[in-house]
Amino acid sequence: MLSSERARGIFYQFLLLAAVFGLGWYLVGNTLHNLSTRQIQVGFEFLGREAGFEIAESQIAYAPSDSYFRAFLVGLFNTLHVALLGIVLATVLGTLVGIARLSSNWLMSRLASAYVETMRNIPLLLQLFVWYGLFTELMPPVRQAIELGGGIFVTQRGLYYPWPEPHAAWSAAGWALLAGAALAFAWRGHARRVQERTGRQLPVGLVAAALLAGLPLAAWLALGAPTQLVYPELRGFNFRGGKVLSPEFLALLIGLSTYTAAFVAEIVRAGILAVDKGQTEAAMSLGLTRGQDLRLVTLPQALRVIIPPMTSQYLNLTKNSSLAVAIGYPDLVAVANTTMNQTGQAIEAIAILMAVYLTISLLISLFMNWYNNRVRLVER
Amino acid sequence: MADPATRAAASAKPPASRGGPFAWMRTNLFATPFDAALTVLLLAALAWLVPKASGWLFVDAVWGRQPLEACDAVRGQGACWAVVWEKFRFMMFGVYPFDEQWRPALAILVLTGLLVVSAFRAFWNKRLALIWTAGIALTFWLMGGGLGLTPVRAEQWGGLPVTLILAIFGIAFAFPLGVLLALGRRSQLPLVRAFCVVYIEVIRGVPLITVLFMASVMFALFMPEGMRIEQLLRAQIAIILFVAAYLAEAVRGGLQAVPKGQYEAAEALGLPYWKSMGLIVLPQALRISIPPIVNSFISLFKDTSLVVIIGIYDFAYAVKKSVETDFAWKKYFIEAFLFSIVIYWIYCFAMSKYSQKLERDFARGHHR
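It should be emphasised that the depicted structure is a prediction, and the values quoted were computed from it without experimental measurement.

### Some words on the overall build of chain A
Right, so step 1: Within chain A, the secondary structure is distributed over twelve helices and eight strands.
Right, so step 2: For 380 residues, the compact-globule estimate of 2.2 N^0.38 gives 21 Å, and chain A exceeds it by more than 25% at 27 Å.
Right, so step 3: By its C-alpha atoms, chain A is 85 × 75 × 45 Å across when sized along the principal axes.
Right, so step 4: Among the 380 residues that make up chain A, the fraction classed as buried is 39%.
Right, so step 5: Within chain A, the 20 negative side-chain charges are centred at a point lying 10 Å from the centre of the 27 positive side-chain charges.

Written out as structure tokens, the structure is:
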């Protein structure tokens, strides 16, 4: 009996293998034939050729004379830029809405549930269209820009804001911030070890704050404390100087984060509800304050429930940033789309797209799993 | 069972002095100083926002079939709902031949009816399969023509029926595929398992757009020369392949929730694999996975709008095109999008409430 079951198992697997290979063989055969009749070269050599198209915004230096490879890099950085900011915004907004839904204030909780039910039942694409439309159509043209004060202007071409003039002190402050973070992290480890050994509690929050704020400040002061800002100024047909957030970027960022926040809110709510009420009561009877209860008792337990579904929301947000192509923000998909149209290298462009998104998904999963392992319940 | 005295106490009304709107407000709106401040703040915000919003949306808005000038007169103060009347048929049916538009209208009813019928648990048996087969056949006849109706090619389909078709057929065909993938992922056979894991994880790791791109640009390369597949069908296949991976995970959750004893019981009865799955494990697993399946259906319903990007005339694209291509009405695009948002919202909200109700019902079923 066992042997026949095993034999059947092997037979089924062989069948599947044959089917997959057969299908693959057939498709590859067709593809090769089609490629040769259309005289399309397969391969990634095109990445080295000159891209020749403009990209409206970029985190790294780029000119149309750069290669397709560099264009893809620009797209990738734009995707990461909007996704990272979106994740931060969605987490903050979603947590607030999730807590608001649990508020004992009837009005607050009703408004929060109305938000959740509205946002998550409308296709994200339509929300993006509306946001984009609002920015480009309802904001004033450049000449009638609204000044929000402090040199910040709102126009239909985006949000212009002042930016410090390039100076060695600013970059030094940036590096000092990184160093401060590393030192604060090390200090936290040291404090924990001291506490484990002697029971003495060293101040962690205070020292970390001093390091994070003090070091950059010191670096900035040491190198001359430049205060020169470049203000956006209306010159000719557009603003010059300062920095700008384009309407495409703003629409995508706001759309992605408000949409994902609705899902995050539900996850946070479920996570907090999952913590037994007795835990809060126990914390109260120990004499902990409401804040201490939240920070030391409720939140650590809620996080265990929250993190796995939160990971999928972060992944969704990153994947959803691909909708950028619909409103003209030059993300990875938009660059790949232009490349496909120009070179006809559809297979390669789509392969790059898929590989990049798979890598991003994998990295986010790895990081969140690492974090999940850190906060999970350690049982005897 | 609680004793009668406890039950009577539990069902007794609170003392009259604690009831009434004032008591309700005290506990729900003004329990603490912070609560009171929050309530006042929110009320102030609402008092500012609600008249403004309802003024624009309803009071000062232009309703009914009215000329463009009527809208231009109230521009800025009121919404122009006349754009919905003006563009209604194009939004709903896209480029479908004008005189035949009663057919997609009927198709919308048929497809919506399918959804409604499937929601009743009284129909959850063999009859449902029959109803679905009939509904799908009827939809194709209405949309495509033939057998007495003028044939309409799929390129001319558009609007809400296309959205419904992509979503409903998407789930109908992805469902069996998803069940197979879920079973494969939990199979004892290493090759089968590996194949399913790779498929599910790869598809779930990439955005739907890339799969749609693949269908739109690469399908033509995969097929033998001379064989062409309609763009709509290609998008439909892409959606099916995509959703199947998500459904597989929903079903896998259900399979994992079935107690091990049930698998062992099936084995002890000497049932072969397919019989033990089909008769014992799957019925229980699917019942558990119905709420997550409904949820994937809701996201699929919203995600069908992404076919806009490869230029298929679904509802979202028809709405976008209806205002984009008409320079005069273009400035009232927000009203047009709000109209489509309301339609999407009605479908999704109904399904979402239904899924929450199912979840509660099933949770109750577990605590007998």
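### Some remarks on the overall build of chain B
Right, so step 1: Secondary structure assignment for chain B yields 15 helices and zero strands.
Right, so step 2: Reported as C-alpha extents along the three principal axes, the dimensions of chain B are approximately 80 × 75 × 40 Å.
Right, so step 3: The buried share of chain B, taken over its 368 residues, is 45%.
Right, so step 4: Long-range contacts, defined here as pairs at least 24 residues apart, represent 71% of the contacts in chain B between residues at least 6 apart.
Right, so step 5: Of the roughly 19,100 Å² of accessible surface on chain B, a fraction of 69% belongs to carbon and sulfur atoms.
Right, so step 6: Of the side-chain charges in chain B, 34 are positive and 22 negative, and the distance between the mean point of each set is 9 Å.

### What about the pairing of strand 3 (residues 158–161) of chain A?
Residue and element names in this part refer to chain A.
Right, so step 1: Two elements, strand 2 (residues 152–155) and strand 3, share three bridges in a ladder whose sense is antiparallel. Among the inter-strand pairings, Val-154 is bridged to a residue of strand 3, identified as Leu-159.
Right, so step 2: Where strand 2 folds back on strand 3, the antiparallel hairpin that results is connected by two residues.
Right, so step 3: The pairing of strand 3 with strand 8 (residues 243–245) spans three bridges and is classified as antiparallel. Residue Leu-159 lies in a different strand from strand 8, and its bridge partner there is Leu-245.

### Things to note about the packing of aromatic side chains
All names here are of chain B.
Right, so step 1: Applying the stated criterion across every chain yields a total of 26 aromatic pairs over all chains.
Right, so step 2: Both rings, one in Phe-58 and one in Trp-63, keep their centres 6.5 Å apart while their planes meet at 5 degrees; by these two values the pair is stacked.
Right, so step 3: Relative to Tyr-317, the ring of Tyr-313 has its centre 5.1 Å away and its plane inclined at 55 degrees; by these criteria the two rings are tilted. By the burial criterion, Tyr-313 is buried, and Tyr-317 matches it.
Right, so step 4: Put simply, the rings of Phe-301, Phe-315, Tyr-344 and Tyr-347 pair up and form one aromatic cluster.

### What about helix 5 (residues 168–198) of chain A?
For the α-helix, the turn length of 3.6 residues means that residues three or four positions removed from each other point alike.
All names here are of chain A.
Right, so step 1: Over its 31 residues, helix 5 extends 44 Å from the first C-alpha to the last, a length consistent with the 45 Å expected when each residue adds 1.5 Å.
Right, so step 2: In this structure, the buried residues of helix 5 make contact with helix 6 (205–222).
Right, so step 3: Taken from the residues just after helix 5, Gly-199 is the one with a positive phi, measuring 85 degrees.

### Focus on the pattern of salt bridges
Residue and element names in this part refer to chain B.
Right, so step 1: Enumeration over the complete set of coordinates arrives at 16 salt bridges over all chains.
Right, so step 2: A salt bridge links Arg-153 to Glu-155, with the nearest nitrogen and oxygen atoms 2.8 Å apart.
Right, so step 3: Overall, the relative accessible area of 52% leaves Arg-153 in the exposed class.
Right, so step 4: The partly exposed category is assigned to Glu-155, whose relative accessible area is 47%.
Right, so step 5: Among the salt bridges present, the one from Arg-185 reaches Glu-249, with a minimum N-O distance of 2.9 Å. In this pair, Arg-185 is assigned in helix 8 (residues 160–185) and Glu-249 in helix 11 (residues 231–257), connecting sequence segments 64 residues apart.
Right, so step 6: Relative accessible area serves as the criterion here: at 16%, Glu-249 is assigned to the buried category.

### Section: the sheet that holds strand 2 of chain A
Two modes of strand pairing occur in sheets, parallel and antiparallel, and in both the strands are linked by backbone hydrogen bonds.
All names here are of chain A.
Right, so step 1: Pairing in this open sheet of four strands is antiparallel, and the strands run 1-2-3-8 from one edge to the other. Each edge of the sheet is formed by a strand with only one pairing partner; in this case those strands are strand 1 (146–149) and strand 8. Between one strand and the next, the sheet's axes are offset by a mean angle of 25 degrees, whatever the strand orientation.

### Topic: the packing of helix 3 (residues 106–119) of chain A against helix 3 (residues 33–59) of chain B
Right, so step 1: Direction vectors running N to C along helix 3 of chain A and helix 3 of chain B enclose 50 degrees, while the axes themselves pass 9 Å from each other. Comparing their axes, helix 3 of chain B and helix 3 of chain A come out oblique. Along its contact with helix 3 of chain A, which presents Leu-107, Met-108 and Leu-111 of chain A, the element helix 3 of chain B presents Leu-38, Thr-39, Leu-42, Leu-43 and Leu-46 of chain B.
Right, so step 2: For the contact of helix 3 of chain A with helix 3 of chain B, the per-class residue count stands at seven nonpolar, one polar and no charged.

### Topic: the pairing of strand 2 of chain A
All names here are of chain A.
Right, so step 1: Pairing between strand 1 and strand 2: three bridges, direction antiparallel. Following the sheet pairing, Ile-146 is matched in strand 2 by Val-154.
Right, so step 2: The antiparallel pairing of strand 1 with strand 2 creates a hairpin that spans two residues between the two strands, and Gly-150 there sits at a positive phi of about 70 degrees.

### What to know about empty space enclosed by the protein
Right, so step 1: Taken as a whole, this structure holds one cavity of 30 Å³ or more when the rule is applied.
Right, so step 2: As a volume, the largest cavity reaches approximately 50 Å³.
Right, so step 3: Around the largest cavity sit Leu-35, Ile-40, Gln-41, Val-42, Gly-344, Gln-345, Ala-346, Ile-347 and Glu-348 of chain A together with Leu-221 of chain B, which together line it.
Right, so step 4: With three residues, the top contributor of residues to the lining of the largest cavity is helix 12 (residues 346–375) of chain A.
Right, so step 5: By residue class, the composition of the lining of the largest cavity is six nonpolar, three polar and one charged.

### Some remarks on the packing of helix 9 (residues 290–320) of chain A against helix 12 of chain A
All names here are of chain A.
Right, so step 1: As a packed pair, helix 9 and helix 12 sit with axes 10 Å apart at the nearest point and diverge in direction by 165 degrees. When the axis of helix 9 is compared with that of helix 12, the two are roughly antiparallel. Relative to helix 12, the crossing made by helix 9 is right-handed. For the pair helix 9 and helix 12, the contacting residues are Leu-303, Arg-304, Ile-307, Pro-308, Thr-311, Tyr-314, Leu-315, Thr-318 and Lys-319 in the first and Tyr-357, Ile-360, Ser-361, Ile-364, Ser-365, Met-368, Tyr-371, Asn-372 and Val-375 in the second.
Right, so step 2: Broken down by class, the residue content of the contact of helix 9 with helix 12 amounts to eleven nonpolar, five polar and two charged.

### A word on the interface of chain A and chain B
Right, so step 1: Taken residue by residue, the interface counts 53 residues in chain A and 55 residues in chain B.
Right, so step 2: Taken together, both faces of the contact between chain A and chain B bury some 4,800 Å²; the carbon and sulfur share is 74%.
Right, so step 3: Inspection of the chain A/chain B interface yields one salt bridge.
Right, so step 4: Among the ionic pairs, Lys-353 of chain B bridges to Glu-117 of chain A, the shortest N-O distance being 3.7 Å.
Right, so step 5: At the boundary of chain A and chain B, one finds 14 residue pairs in polar contact (both at pLDDT 80 or more).
Right, so step 6: Within the residue set of the side of chain A that touches chain B, elements represented by two or more residues are helix 1 (2–38), helix 3, helix 4 (124–138), helix 7 (247–274), helix 10 (324–327), helix 11 (332–343) and helix 12 of chain A.
Right, so step 7: Here the side of chain A that touches chain B is composed, by residue class, of 33 nonpolar, 15 polar and five charged.

### Quick notes on the state of the cysteines
Defined simply, a disulfide is a covalent bond joining two cysteines at their sulfur atoms.
Residue and element names in this part refer to chain B.
Right, so step 1: Inspection of every chain in the model, using the stated rule, returns one disulfide over all chains.
Right, so step 2: In this model Cys-71 forms its disulfide with Cys-80; the gap between the sulfur atoms is 2.0 Å. Judged by the sign of its S-S torsion, about 75 degrees, the cystine formed by Cys-71 and Cys-80 is right-handed.
Right, so step 3: You can call Cys-71 buried: its relative accessible area is 1%.
Right, so step 4: The exposure class assigned to Cys-80 is buried, which follows from its relative accessible area of 0%.

Criteria and thresholds
Residues numbered from 1 in each chain as written. Chains lettered and ligands numbered in written order. Predicted model: local features only at pLDDT ≥ 70, side-chain atom pairs only at ≥ 80, totals over all residues. Heavy atoms only, no water. Helix = DSSP H or I, 4+ residues; strand = E, 2+ residues; numbered from the N terminus. Rg over C-alpha atoms; globule rule 2.2 N^0.38 Å. Buried < 20%, exposed > 50% of the residue type's maximum accessible area, 1.4 Å probe, protein only. Lys, Arg positive; Asp, Glu negative; His and termini not counted. Charge placed at Lys NZ, Arg CZ, Asp CG, Glu CD. Contact = heavy atoms within 4.5 Å. Areas by Shrake-Rupley, 256 points an atom, 1.4 Å probe, with all protein chains shown as cover. Pairing = 2+ DSSP bridges. Phe/Tyr/Trp six-rings, centres within 6.5 Å; stacked < 30°, edge-to-face > 60°. Expected span 1.5 Å × (residues − 1). Salt bridge = Lys/Arg side-chain N within 4 Å of Asp/Glu carboxyl O. Axes fitted to C-alpha atoms, helices over the stretch in contact; angles between N-to-C directions. Parallel < 35°, antiparallel > 145°, perpendicular 65-115°, else oblique. Nonpolar A, V, L, I, M, F, W, Y, C, P; charged D, E, K, R; others polar. 1 Å grid on protein atoms, 1.4 Å probe; cavity = no way out; pocket = protein on both sides within 12 Å on 5 of 7 lines; lining within 4 Å. Points joined across faces, edges and corners; volume = space filled by probe spheres on them. Left-handed = near helix turned anticlockwise from the far one by under 90°. Buried area = accessible area lost by both parts, 1.4 Å probe. Polar contact = N/O pair within 3.5 Å; in protein donor to acceptor, adjacent residues only side chain to side chain. Disulfide = S-S within 2.5 Å.

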